[in-house]
Amino acid sequence: MSIKHGLLALLDQGPRYGYQLRTEFEARTGSTWPLNVGQVYTTLGRLDRDGLVAPDGEDDEGHVFYRITDRGRTELRAWFDAPVSRTNPPRDELAIKLAMAVTVPGIEVGAVVQGQRAHTLRALQDYTRLKTRAAEDDLAWQLVLESLIFHAEAEVRWLDHCEARLARRAAEREPAPVAERPAPTRRRGARR
């Protein structure tokens with residue numbers, strides 16, 4: 001997630017200080033990705049260092065306002081114009097957990113999958129409930145919720161796939177049942 005670009009987008013609408021940026025960022029994303037105010041100020045310091053924002057005075061309470069620079073606007077437009085790269089996927093804790101579970105003896109991988117599925121289905125229900133309650137005119141929050149819903153649905157499908165793979169693997173490893181040979185039949189009149 002690009003906090004840097006999120007802050008630039010907010011500053012493109014006018015000067016703000018750190019706490020205002022944090023509050024607006026969380027409001028626009030439905031507090032899905034909460035920010036620490038220290039993280040906001042650290043990011044503002046880097047943006048200032050890189051010439052993307054500049055201090056723009058203080059209020060009576062000593063809050064330092066920042067404004068976006070022309071260079072910052074160029075950076076922001078380039079971010080909006082470029083697709084999000086999928087060449088370096090983010091670390092996925094669930095994928096890592098399952099990869100480890102299938103390699104660590106004594107772990108019941110099926111139980112891990114089932115536990116995650118139950119959790120993800122509950123989250124999916126919560127997101128769906130939130131979406132039905134979201135204000136019709138709050139498009140930003142609606143889009144964030146829809147993204148969360150689609151990700152949860154995809155995770156459930158992936159867990160179904162994992163479970164099917166585990167079942168196939170278990171079936172491949174089970175020894176084939178030994179067929180019992182029928183007792184030889186005797187022919188009538190055969191000598192004993």
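This is a predicted model, so every value here is computed, not measured.

Student: Whenever I open this one, the packing of aromatic side chains confuses me. Can you help?
Tutor: The relative placement of two aromatic rings is captured by the distance of their centres and the angle of their planes. Evaluation of the coordinates by the stated rule reveals 2 aromatic pairs. Judged by centre distance (5.3 Å) and plane angle (85°), the rings of Tyr17 and Phe65 are edge-to-face. In this pair, Tyr17 sits in the loop between helix H1 (3–11) and helix H2 (18–28) while Phe65 sits in strand E2 (residues 64–68), placing the two residues 48 residues apart along the sequence.

Student: Would you take a moment to explain the packing of helix H6 (residues 109–133) against helix H7 (residues 139–173) for this structure?
Tutor: For any two helices packed against each other, the geometry comes down to the angle between their axes and how far apart the axes lie. With their axes 9 Å apart at the nearest point, H6 and H7 run at an angle of 160° to one another. Taken together, the axis directions place H6 and H7 in an arrangement best described as roughly antiparallel. The handedness of the crossing between H6 and H7 comes out as left-handed. In the contact of H6 with H7, the residues fall into 14 nonpolar, 6 polar and 7 charged.

Student: For this particular structure, what's the right way to read a nonpolar patch on the surface?
Tutor: Together, Ile96, Met100, Val104 and Ile107 give the surface a local cluster of nonpolar side chains, amounting to about 330 Å² of exposed area. Considering the arrangement of structural elements, one finds Val104 in the loop between helix H5 (93–101) and H6. The partly exposed category is assigned to Val104, whose relative accessible area is 38%.

Student: Honestly, H5 in this entry has me stumped. Any pointers?
Tutor: An α-helix turns once per 3.6 residues; consequently, residues spaced three or four apart project the same way. Taken residue by residue, H5 has Leu94, Leu98 and Ala101 as its buried positions. Take H5 and look down its axis: the buried residues cluster within an arc of 60°, on one side only. In this structure, the buried side of H5 is in contact with H6 and H7. Where H5 begins, the capping side chain belongs to Asp92, and its oxygen is found 3.0 Å from the backbone nitrogen of Leu94.

Rules and cut-offs
- Residues numbered from 1 in each chain as written.
- Predicted model: local features only at pLDDT ≥ 70, side-chain atom pairs only at ≥ 80, totals over all residues.
- Heavy atoms only, no water.
- Phe/Tyr/Trp six-rings, centres within 6.5 Å; stacked < 30°, edge-to-face > 60°.
- Helix = DSSP H or I, 4+ residues; strand = E, 2+ residues; numbered from the N terminus.
- Axes fitted to C-alpha atoms, helices over the stretch in contact; angles between N-to-C directions.
- Parallel < 35°, antiparallel > 145°, perpendicular 65-115°, else oblique.
- Left-handed = near helix turned anticlockwise from the far one by under 90°.
- Nonpolar A, V, L, I, M, F, W, Y, C, P; charged D, E, K, R; others polar.
- Patch = residues over 30% accessible without salt bridge, like charges linked within 9 Å, V, L, I, M, F, W, Y side chains within 5 Å.
- Areas by Shrake-Rupley, 256 points an atom, 1.4 Å probe, with all protein chains shown as cover.
- Salt bridge = Lys/Arg side-chain N within 4 Å of Asp/Glu carboxyl O.
- Buried < 20%, exposed > 50% of the residue type's maximum accessible area, 1.4 Å probe, protein only.
- Arc of directions from axis to C-beta.
- Contact = heavy atoms within 4.5 Å.
- Polar contact = N/O pair within 3.5 Å; in protein donor to acceptor, adjacent residues only side chain to side chain.

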